[in-house]
Each structure stands twice: as C-alpha cells, then as structure tokens.
Amino acid sequence: MHASFDINSSTGVYRVSLGEGLVKNVVASQAHRIFIVDTNLLAQVAFVTDPIIAVDATEENKSLERIAPIIEALKGHGATRETEIVAVGGGIIQDIATFVASIYMRGLRWHYCPTTLLGMVDSCIGGKSSINVGALKNLVGNFHPPASILIDLAFVHSLSAEQQTSGLMESVKICYARGGEAFDAYLALQPTAPLKTETAFAIIEQSLTTKKWFIEIDEFDQAERLLLNFGHTFGHAVESATHFAIPHGIAVGVGILMAYRYAEVASILTPAGLERAGRLVAHVQALLQPMRHTLAPLVGIDAEVLLKHFGSDKKHSQSHYRVIVPVGDGDLQRLSVERSPLIQALIRNAFAQGADLAVNGGA
Ligand SMILES: NC(=O)c1ccc[n+]([C@@H]2O[C@H](COP(=O)([O-])OP(=O)(O)OC[C@H]3O[C@@H](n4cnc5c(N)ncnc54)[C@H](O)[C@@H]3O)[C@@H](O)[C@H]2O)c1
C-alpha cells in the first residue's frame, strides 16, 4: 500500500507520501535533523538517533508563551539555517512545529509525520499554524508549508475509537464540501471506527486528494477554502462551552448537525438538498452513536453560553455572523446573516435540535 501526490503552494511544491514504515525512511537522511515528537509517541520512534525535543501534546504547550523554550532547545541542539525539523505527532505538534520552523532564524525546512487521523486526513496539508495566547485559542498563526509529509499508517492503530471518529468527521466534512461525487466516493468506503489499515489508507487518500483542490485554488482562505469551516463555527461553540471536554473532531460532527438544523429551519434546502444533507446527517449520527459517553457534557448546556461563544468566533464581522450551511440542492454556501434577534433565535434553535440529533438521534 503506497500512494503519493504533490501539493502546489506559494512556497513551492511539496510531496505527500502515504504508506507503512515511512518515518524510518526520513531517519535515513544525511541532513542535520532535529525531531519534535509528542511525548506519548517516543516509544514508537525509538529507532530515531537524531536529537529529539519531546513535547506533551497539550493546548497549554501550543501557546506563544511555551514557544521560546522550544526555540532555545533547537539552539541547544546546534540548529543552523541548514537544519531540518521533523515533527511527529497530531495537530498540536504540527501547530508548534509549523510555527517554530517558520520563525527560527527566519525559517527552516521541516517535514511532518501526522499521527492522529485528524492530522492525516486534514490538517497535515495546507501549511497553517495556529497558536494560543493565554486562554485565547488559535489567536495567532501563519503559513509555512512543510517540505514533505509522510503519513505512516502504523500510527492509526494506537488511536482510540474516539480519536479515529474525530478524524472521520473532518474527512466527511471535506468530501461533503467538495460536492455530491466526492461525498458518495467517501461513503462508499464505509468509514467507521475501528479502521482496518486498507480502509484507513483509502479514506486518507480520498480526503487529502479532495482537500488538495481547496488549498491549491484558495491557499489563503479567501473563498472556496472557507467552506472547510463547515461545522466549525457551531463546533467551536460546543468545544468552548464544554471547556474542551468534547474533542475537536467530535464537536465538528455535532456542529455539522447544528448547521444542518439551521438550514432546515431557515427553509433554505430543496427536496434534493434535504436528501443529500440527510445522508450526511445519518452518517454523522451513525459515527456519533457509540460516543454517547463523550457527548454527555452536551446535555443541559446553556444556549446563551453557546451563543456567546458562537458570536465570538473570529470568522464573523461586527454586524454579521458567517454561517456555512447546505443550501439548495445540498451544496455548501457561506452566508452572511445579520446579528439580529431573529437570527439569534434560529441559532439557539439549531443548537438545541442539533444536540438532540447527536445525543438522542432526534427521536
Ligand atoms: N494547523 C492546522 O491546520 C490545524 C487543523 C486542525 C486542528 N489543528 C489543531 O490540532 C489540535 C488537535 O490535534 P489532534 O486532534 O490531531 O491531536 P493532538 O495533537 O491534540 O493529540 C491528541 C492526543 O492523541 C495522542 N496521540 C497522537 N497520536 C497518537 C497515536 N498515533 N496513538 C495514540 N495517541 C496518539 C496525543 O498524545 C494526545 O494525547 C488542536 O489544537 C487544533 O487546534 C490544527
């Protein structure tokens, strides 16, 4: 099992390789390399002989305040402008490595080995970093695409069903956002946790080749790529209001259900749209069904608290909310809707009904 393809970015072309045993290949390089590795994965990269900076994958460590010690550790290991960073971990390690690689001596080449399904199907391509400032999540960041991405399927199997499901939510989001054909191709792979290696391989390939279209046509998030925020504005509200007790990908799944309910109540779907969006809802519900325990913090959550977090999303303007919803025949559209009492009532309704779809199946 092996696949590879190139991504065109403003800083050049980088290659994505997908297969088994790939991290061992990167170790064989002659370049001066320093690894930044998730502490939980040190045993899985025990063969690495280059210097390793081990970092706990916590939101606290993904903060501006904690970047300086990593820069100092790089200097301590003798990093020069020729040094290459190799990051091994999920989205947290990716965000840290992207940021550090972009600013150390004004920029180093870096390679990324994503180890969570979320990282493999989605965040590994696109070149973005997002760093917290105190309690303010993802407030600062930049673009610094890696020189290569090595997706080693061995890492899929140590992920829990919850972590795999989180990744599948981003995968279905990408494929649905691209249109009916990509969505059908995704569903045909019968994605569900726990994933067999062949299924994981096919889902990762399908997601990344679909996301490639978005990031090549709109690298800097001005138009098409914004659709990949589907489920995220509602999802971020769910994450924040539950104090991050609900993991990101699972919250995105709940956010997709909320966005669907918003579209349904606002009557912006035709029967054809209801059919396609309905299949999305059924799939997301099926993925969430075994996650009842994870979803428990959703029950009884205050709509006003959700609305407050929803309203503070950086994608809105002062006067308008930005919501991404299925419209017409089911395609996604980014709507700009006034911050009026009427719209706020629709959003509160979407929170309640979307949560009900997630927790009780809408029964
Ligand atoms: N830069 C981007 O484009 C982008 C996109 C989406 C999300 N993110 C960020 O990514 C973060 C979430 O990342 P994530 O969900 O990939 O995970 P993560 O990095 O937060 O890791 C989650 C947990 O999984 C563990 N883990 C990682 N790989 C494992 C493996 N193979 N087996 C067992 N355990 C493993 C980690 O040690 C950690 O305990 C958030 O901070 C989010 O803001 C960034």
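Refer to the structure above for everything that follows.
Conventions adopted
- Residues numbered from 1 in each chain as written.
- Predicted model: local features only at pLDDT ≥ 70, side-chain atom pairs only at ≥ 80, totals over all residues.
- Pairing = 2+ DSSP bridges.
- Helix = DSSP H or I, 4+ residues; strand = E, 2+ residues; numbered from the N terminus.
- Axes fitted to C-alpha atoms, helices over the stretch in contact; angles between N-to-C directions.
- Contact = placed C-beta atoms within 7 Å.
- Near = placed C-beta within 6 Å.
- Nonpolar A, V, L, I, M, F, W, Y, C, P; charged D, E, K, R; others polar.
- Buried ≥ 20, exposed ≤ 12 C-beta atoms within 10 Å, placed from the backbone.
- Parallel < 35°, antiparallel > 145°, perpendicular 65-115°, else oblique.
- Left-handed = near helix turned anticlockwise from the far one by under 90°.

1. Examining the sheet that holds strand β4 (residues 52–55)
No. 1: Strand order in the open sheet made by the seven strands is β1-β2-β9-β6-β5-β3-β4, with mixed pairing throughout. Both outer strands of the open sheet, β1 (3–9) and β4, are each paired with one neighbouring strand and no more. Geometrically, the sheet is characterised by an average inter-axis angle of 15 degrees between neighbouring strands, direction not taken into account.
No. 2: Of the pairings in the sheet, the one linking strand β2 (residues 12–19) to strand β9 (residues 148–152) comprises five bridges and is parallel in character. Across the sheet, the residue bridging to Gly19 is Asp152, located in β9.
No. 3: Against the sheet, helix α3 (residues 91–103) makes contact with β3 (33–38), β4, β5 (84–89) and β6 (109–114), and its axis sits at roughly 165 degrees relative to β5, the strand it touches most.
No. 4: Sitting on the sheet, helix α7 (residues 197–217) is in contact with β1, β2 and β9, with an inclination near 15 degrees to β1.

2. Considering the site of the ligand
No. 1: Near the ligand you find 29 residues, and of these Gly90, Gly91, Thr116, Ser123 and Ser158 are the closest.
No. 2: Mapped by element, the contributors of at least two residues to the shell around the ligand are α3, α4 (117–123) and α5 (161–178).
No. 3: Partitioned by chemical class, the residues of the shell around the ligand number seven nonpolar, 17 polar and five charged.

3. Some remarks on the environment of Gln190
No. 1: Of note, Gln190 is situated in the loop between α6 (180–187) and α7.
No. 2: Exposure remark for Gln190: the 10 C-beta atoms within 10 Å place this residue in the exposed category.
No. 3: For the pair formed by Gln190 and Thr294, sequence separation is 104 residues and the distance between their alpha carbons is 22 Å.

4. As for the environment of Asp56
No. 1: Structurally, the position occupied by Asp56 is in the loop between β4 and α2 (64–76).
No. 2: A tally of 12 C-beta atoms within 10 Å means that Asp56 is categorised as exposed.
No. 3: Taking the C-alpha atoms as reference points, Asp56 and Asn40, separated by 16 residues in sequence, lie 7.3 Å from one another.
No. 4: Setting aside its immediate chain neighbours within four residues, Asp56 contacts Thr39 and Asn61.

5. Quick look at unusual backbone geometry
No. 1: At the junction of Ala193 and Pro194, the peptide bond is cis and its omega measures out at 0 degrees in the coordinates.
No. 2: Here Pro194 lies in the loop between α6 and α7.
No. 3: For Gln190, which is not glycine, the phi torsion reads 50 degrees and is therefore positive.
No. 4: At His243, a position not held by glycine, the phi torsion is positive, near 55 degrees.
No. 5: By the secondary structure assignment, His243 is in the loop between α8 (232–241) and α9 (248–265).
No. 6: His243 gets classed as exposed once you count the C-beta atoms within 10 Å, which come to 8.

6. Quick word on the packing of α8 against α9
Packed helices, taken two at a time, are described by the angle between their axes plus the distance between the axes.
No. 1: As a packed pair, α8 and α9 sit with axes 7 Å apart at the nearest point and diverge in direction by 125 degrees. When the axes of α8 and α9 are compared, the pair comes out oblique. Considering how the two elements wind past one another, α8 and α9 form a crossing that is right-handed. Across the interface between the two elements, His232, Phe234, Gly235, Val238 and Glu239 of α8 pack against His248, Ala251, Val252, Val254, Gly255, Met258 and Ala259 of α9.
No. 2: Its residues assigned to classes, the contact of α8 with α9 shows seven nonpolar, four polar and one charged.

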